[in-house]
Amino acid sequence: MTLDALRGRRPEVLGDLMACYGLEIQNVAYLILRDWSRAEDVLVDTLLAALDRGNSLRDDAALRRWLLRIAANKAIDARRSSSRIVQLHLVPDREARRTFEDDRIALLGAVENLAPRMRAALVLRYYADLPVRHVAEALGTSENTIKTQLREALAHMRVSLGEADDFLEDRHG
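Everything numeric here is computed off the predicted structure, so don't read it as measured data. Here the residue index of a chain counts from 1 through its sequence in written order. Under the rules for a predicted model, residues below a pLDDT of 70 receive no local features and side-chain atom pairs below 80 are neither given nor counted, while totals for whole chains, interfaces and linings still include all residues. Hydrogens and water are ignored here; the side-chain numbers use all heavy atoms of the structure.

Focus on the overall build of the chain
Part 1 of the reasoning: Helix numbering and strand numbering both begin at the N terminus, where a helix is a DSSP run of H or I of at least 4 residues and a strand a DSSP run of E of at least 2. Within the chain one finds 8 helices and 0 strands.
Part 2 of the reasoning: Seen in sequence order, the chain has helices and strands lined up from the N terminus as α-α-α-α-α-α-α-α.
Part 3 of the reasoning: By definition in these notes, contact holds between two residues if any of their heavy atoms fall within 4.5 Å. The contacts of the chain with a sequence gap of at least 6 include a subset with a gap of at least 24, amounting to 68%.
Part 4 of the reasoning: Under the convention used here, a 1.4 Å probe and the Shrake-Rupley method define accessible areas, while residue burial counts only the protein chains that appear. For the chain, the computed accessible surface area is about 10100 Å², with 52% contributed by carbon and sulfur atoms.

Here we look at the pattern of salt bridges
Part 1 of the reasoning: What makes a salt bridge here is a side-chain nitrogen of Lys or Arg within 4 Å of a carboxyl oxygen of Asp or Glu, nothing more. In total, this model carries 9 salt bridges according to the counting rule given.
Part 2 of the reasoning: We note a salt bridge from D129 to R125, for which the minimum N-O separation is 3.7 Å.
Part 3 of the reasoning: For every residue, the accessible area (1.4 Å probe, protein chains only) is compared with the maximum for its type, and the residue is labelled buried under 20%, exposed over 50%, or partly exposed between those bounds. Assessed through its relative accessible area of 56%, D129 is described here as exposed.
Part 4 of the reasoning: A salt bridge links R133 to E137, with the nearest nitrogen and oxygen atoms 3.9 Å apart.

With respect to the packing of helix α2 (residues 13–33) against helix α6 (residues 116–127)
Part 1 of the reasoning: Where α2 meets α6, the closest approach of the two axes is 9 Å, and the angle between their N-to-C directions is 140°. In terms of axis orientation, α2 runs oblique to α6. Regarding α2 and α6, the two cross each other, and that crossing is right-handed. Note on element contacts: α6 touches α2 through R119, A120, V123, L124 and Y127, opposite E24, N27, V28, L31, I32 and L33.
Part 2 of the reasoning: A class-by-class count of the residues in the contact of α2 with α6 yields 8 nonpolar, 1 polar and 2 charged. What counts as an axis is a line fitted to C-alpha atoms, over the stretch in contact for a helix, and the angles between N-to-C directions run from 0 to 180 degrees. Small angles under 35 degrees read as roughly parallel and large ones over 145 as roughly antiparallel, with 65 to 115 read as roughly perpendicular and the rest as oblique. Here a crossing is called left-handed whenever its near helix is offset anticlockwise from the far helix by less than a right angle, and right-handed whenever the offset is clockwise. Here the term charged refers only to Asp, Glu, Lys and Arg, the term nonpolar to Ala, Val, Leu, Ile, Met, Phe, Trp, Tyr, Cys and Pro, and the term polar to all other amino acids, Gly among them.

Some words on unusual backbone geometry
Part 1 of the reasoning: A positive phi angle, close to 55°, is found at R9, a residue other than glycine.
Part 2 of the reasoning: Turning to its location among the elements, R9 is positioned in the loop between α1 (2–7) and α2.
Part 3 of the reasoning: If you check the backbone angles, R34 has positive phi at about 60° while not being a glycine.
Part 4 of the reasoning: Relative to the assigned elements, R34 resides in the loop between α2 and α3 (36–53).

Quick word on the nonpolar core
Part 1 of the reasoning: We call a set of buried Ala, Val, Leu, Ile, Met, Phe, Trp, Tyr and Cys residues a nonpolar core when their side-chain atoms join them within 4.5 Å. With 52 residues, the main nonpolar core has L6, L17, L63, W66, L124, L139 and I146 as its most contacted residues.
Part 2 of the reasoning: Here the element with the most residues in this core is helix α4 (residues 63–81); it accounts for 10 residues.
Part 3 of the reasoning: The contact partners of I146, leaving out residues within four places of it in the chain, are A121, V132, V135, A136, L139 and T141.

Remarks on the environment of D35
Part 1 of the reasoning: Looking at the secondary structure, you find D35 in the loop between α2 and α3.
Part 2 of the reasoning: For D35 and R79, which are 44 residues apart along the polypeptide, the C-alpha to C-alpha distance reads 9.9 Å.
Part 3 of the reasoning: Two N or O atoms form a polar contact when they lie within 3.5 Å of each other; inside protein one atom must be a possible hydrogen donor and the other a possible acceptor, and for residues adjacent in sequence the pair counts only when both atoms belong to side chains. In this structure the side chain of D35 is engaged in a polar contact, spanning 2.9 Å, whose partner is the backbone nitrogen of R38.

This is a description of form; function is not addressed.
Below, the structure written as structure tokens:
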């Protein structure tokens, strides 16, 4: 029903797509953008683009990948368009102990420091659990490029998290 409705551009399919894929699409967009309201915008734009281009979907089994590709590309575009905006991050006062939240913040900070396409590759591969081949298709590049982006992203994150560990040890040590 969903695919026929999508191909037929019937608006009622939007509810089905939202129920099945909405949370994952929004989370992928959030991990790329690091902004919930902009991730919500990407979710809406993705569903409307799917409705508009649903008749181009040839492989029924590729619906999830297709939606995630649209979302990732829209999030990358949104990230690029706002790259000139400077965000200030305030560190709240807290007890001098390392918590799970500290680790989570450090990890998200390391992801945030990646280039948008590298971040998209990382999110689609490790969050959305797409195989490298599907990540490459989603981002319109080769598998070797994705493997390189993933390797470099992980290396950047290791450096960034190593620096974060040094910072936390200095503060809490």
